[in-house]
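Residues per chain, in single letters:
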Amino acid sequence: MCRNIRPLNNFEPPATDDEVAAAALQFVRKIAGSTKPSKSNQAAYDTAVAAITAASRELIDSLVTTAPPKNREEQAAKARARTAARYAS
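Conventions adopted
- Residues numbered from 1 in each chain as written.
- Predicted model: local features only at pLDDT ≥ 70, side-chain atom pairs only at ≥ 80, totals over all residues.
- Heavy atoms only, no water.
- Salt bridge = Lys/Arg side-chain N within 4 Å of Asp/Glu carboxyl O.
- Helix = DSSP H or I, 4+ residues; strand = E, 2+ residues; numbered from the N terminus.
- Buried < 20%, exposed > 50% of the residue type's maximum accessible area, 1.4 Å probe, protein only.
- Polar contact = N/O pair within 3.5 Å; in protein donor to acceptor, adjacent residues only side chain to side chain.
- Contact = heavy atoms within 4.5 Å.

**A short note on the pattern of salt bridges**
Part 1 of the reasoning: On inspection of all chains with the given rule, the structure shows 3 salt bridges.
Part 2 of the reasoning: A salt bridge links Glu 19 to Arg 72, with the nearest nitrogen and oxygen atoms 3.2 Å apart. Of this pair, Glu 19 sits in helix H1 (residues 17-32) while Arg 72 sits in helix H3 (residues 72-87), and the two are 53 residues apart along the sequence.
Part 3 of the reasoning: The exposure class of Arg 72 is partly exposed, given its relative accessible area of 21%.
Part 4 of the reasoning: The residue Asp 61 makes a salt bridge to Arg 57 at a minimum N-O spacing of 3.2 Å. Remark: Arg 57 and Asp 61 occur in helix H2 (residues 42-62); sequence separation between them is 4 residues, near one turn of the helix.

**Regarding the side chain of Asn 10**
Part 1 of the reasoning: Secondary-structure assignment places Asn 10 in the segment before strand E1 (11-12).
Part 2 of the reasoning: Classification of Asn 10 as buried rests on a relative accessible area of 17%.
Part 3 of the reasoning: One polar contact links the side chain of Asn 10 to the main-chain carbonyl oxygen of Pro 68, over a distance of 3.2 Å.
Part 4 of the reasoning: In this structure, Asn 10 is in contact with Thr 65, Ala 67, Pro 68, Pro 69 and Lys 70, ignoring residues within four places of it in sequence.

These figures capture arrangement, not role.
Quick look at the structure:
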């Protein structure tokens with residue numbers, strides 16, 4: 001599950017709210033140990049995702065770096081190359 005959480009800081013364009021929320025959802029799923037909550041736990045999941053999304057957005061917006069912003073397409077190409085090398089026969 002956590003493999004889907006990607007670094008979101010220092011990208012051009014900056015991380016969207018949807019990306020931050022998706023990472024928060026993956027985090028909640030990981031620590032809860034399930035990918036889909038029961039109906040009785042749905043409210044707890046939603047509350048946790050909202051809180052972690054807000055905290056993550058605040059963190060990302062507060063971080064300062066002198067490194068140049070990373071390009072999303074270049075990072076995706078590197079990830080695809082790593083995956084191809086990992087699963088090559």
